[in-house]
Number of protein chains: 2
Amino acid sequence: MDEKWISKAVIKRLPRYYRYLGELLEDGVERISSGELSDRMKVTASQIRQDLNNFGGFGQQGYGYNVRHLYDEIGKILGLDRIHNMIIIGAGNLGQALANYTSFERSGFKTVALFDIDPAIKGKSIRGIEIHMTDELPEFIKANNVEIAALTLPKAEAVAMADVLVHNGVKAIWNFAHTDLNLKLPQDVVVENVHLAESLMRLSYNLTTRESDRKNK
Amino acid sequence: MDEKWISKAVIKRLPRYYRYLGELLEDGVERISSGELSDRMKVTASQIRQDLNNFGGFGQQGYGYNVRHLYDEIGKILGLDRIHNMIIIGAGNLGQALANYTSFERSGFKTVALFDIDPAIKGKSIRGIEIHMTDELPEFIKANNVEIAALTLPKAEAVAMADVLVHNGVKAIWNFAHTDLNLKLPQDVVVENVHLAESLMRLSYNLTTRESDRKNK
């Protein structure tokens, strides 16, 4: 199967399928029809069949989908079938919160270190993960096969730090700074932006629209 | 202008326009052409003109857009022209990180309290914002005109808490729990999900795809 033939829209939906299938596995469900999955996910059954057909159509008439098989296949496509070493830059509240998510590790994202510039927290640990100083970054990245860096720095510092990370071999940046880092780095660096302020604005838009709807009724 | 005529795709892009316009204002830029904005945002100039025409077409031939005017208009559409009182449920690392974002406040989202169940942190403050116990929630929500609750609880507790919040008058939930809360609440409650694990999986997918691209070259 050539992964390139899967559309971006489908890829965007894959993590959600993966999550629901994981919950089914936890509940001991071995197989599920597109209709039942449709009820749970509030996506039409035909959309589900169309999406999942992209991966070779594992569904069988009268049987449905084998949950474990589908979960594993989607996991492979998402690259979750192997360990990705990750570091967190910035050991403030957000960095510590990310280090505390044990669920990331279960999906193969292993946080191997946090980095900060505050000497007062040097050598301390979050859930057994040590806080290093940023001047140790180049050596650490090379010695520990680090692929991903989560960047929890203010905007003003994020761009310079991203350059350092990429220069030392980090291939992917999970960016929490309020700037489009992807526009500022080489094209072959993978950037996933998490813009919390924009998420809050979408919420505000929906809240405002609902209220004016109510008033107009 | 009837806001309902603006497409969802445009709405999704509005917070990003708002961010870039805010940066221009900070830099003292008073007007900008669609071409210049296109260079900065890496969106085609025709897309920009098309998007911004939805708000009455403020651009003028040979002059461009008045940055302040456009910023204010988009802010109004997003509901940022007034204060929204917000509470944060869960005063762990993530809750504290959210309380520390001063930029939310500048956009009109005012965090008025954090809530937790741990009596050891009762009465403590994050950036002057007090931590209350969750049994004070009903009274607090009513007395403080709380519109938005940021929910930073584990999945298992999030659904029950969301019910309590909605029952007591919260109209919008900013959900960080790893579950689709919108499917579990009344339709008139606004829910914005932030699924960090899914964001990390999209990053992993792009990383995996890039690597197989490289190998195939």
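The structure this text deals with has already been given above.
Everything numeric here is computed off the predicted structure, so don't read it as measured data.

Residues and elements named next belong to chain B. Between helix 1 (residues 8-26) and helix 3 (residues 45-53), the least distance of the axes is 11 Å, while the angle of their chain directions is 105°. Relative to helix 3, the element helix 1 is oriented roughly perpendicular. Residue-level inspection shows Val 10, Arg 13 and Tyr 17 of helix 1 in contact with helix 3, the latter providing Gln 47, Ile 48, Asp 51 and Leu 52. Residues that form the contact of helix 1 with helix 3 fall into these classes: four nonpolar, one polar and two charged.

The next thing to look at is the relation of the copies chain A and chain B. With an axial shift of 0.0 Å and an RMSD of 0.0 Å, the rotation relating chain A to chain B amounts to 180°. Those values place the two copies in the arrangement expected of a two-fold rotation axis. In terms of proximity to the rotation axis, the leading residue of chain A is Asn 93 of chain A, whose C-alpha is 2.4 Å off the axis. Counting the interface residues of chain A, we find that 100% of their copies in chain B are interface residues as well, pointing to one common contact surface.

A few words now on the sheet that holds strand 8 (residues 172-175) of chain B. Residues and elements named next belong to chain B. Read across the open sheet, the seven strands follow the order 5-6-4-3-7-8-9; overall the sheet is mixed. Strand pairing shows two members of the sheet lacking a second neighbour, strand 5 (125-126) and strand 9 (190-193), which therefore form its edges. In the sheet, strand 5 pairs with strand 6 (residues 129-133) via two bridges, with the strands oriented antiparallel. Pairing of Ile 126 across the sheet is with Ile 129, part of strand 6. The strands touched by helix 8 (residues 155-167) are strand 3 (84-89), strand 7 (148-151) and strand 8; relative to strand 7, the strand with the most contacts, the crossing angle is about 170°.

Below, the discussion takes up the pairing of strand 7 of chain B. All names here are of chain B. Along strand 7, one buried face is formed by Ile 148 and Ala 150 and the opposite face, lined by Ala 149 and Leu 151, is buried too. Relative to strand 7, strand 3 is paired through four bridges, and the arrangement is parallel. Counterpart to Met 86 in the pairing with strand 7 is Ile 148. For strand 7 and strand 8, the ladder comprises four bridges, and the chain directions are parallel. When the bridges of strand 8 are listed, Ala 149 appears paired with Ile 173. Remark: the strand 7/helix 8/strand 8 crossover connection has right-handed handedness.

The rules behind the values
- Residues numbered from 1 in each chain as written.
- Chains lettered and ligands numbered in written order.
- Predicted model: local features only at pLDDT ≥ 70, side-chain atom pairs only at ≥ 80, totals over all residues.
- Heavy atoms only, no water.
- Axes fitted to C-alpha atoms, helices over the stretch in contact; angles between N-to-C directions.
- Helix = DSSP H or I, 4+ residues; strand = E, 2+ residues; numbered from the N terminus.
- Parallel < 35°, antiparallel > 145°, perpendicular 65-115°, else oblique.
- Contact = heavy atoms within 4.5 Å.
- Nonpolar A, V, L, I, M, F, W, Y, C, P; charged D, E, K, R; others polar.
- Least-squares fit on C-alpha atoms with pLDDT ≥ 70 in both.
- Pairing = 2+ DSSP bridges.
- Buried < 20%, exposed > 50% of the residue type's maximum accessible area, 1.4 Å probe, protein only.
- Right-handed = clockwise from strand over helix to strand, strands pointing away.

From the geometry alone we can't say anything about function, so treat these as descriptive.
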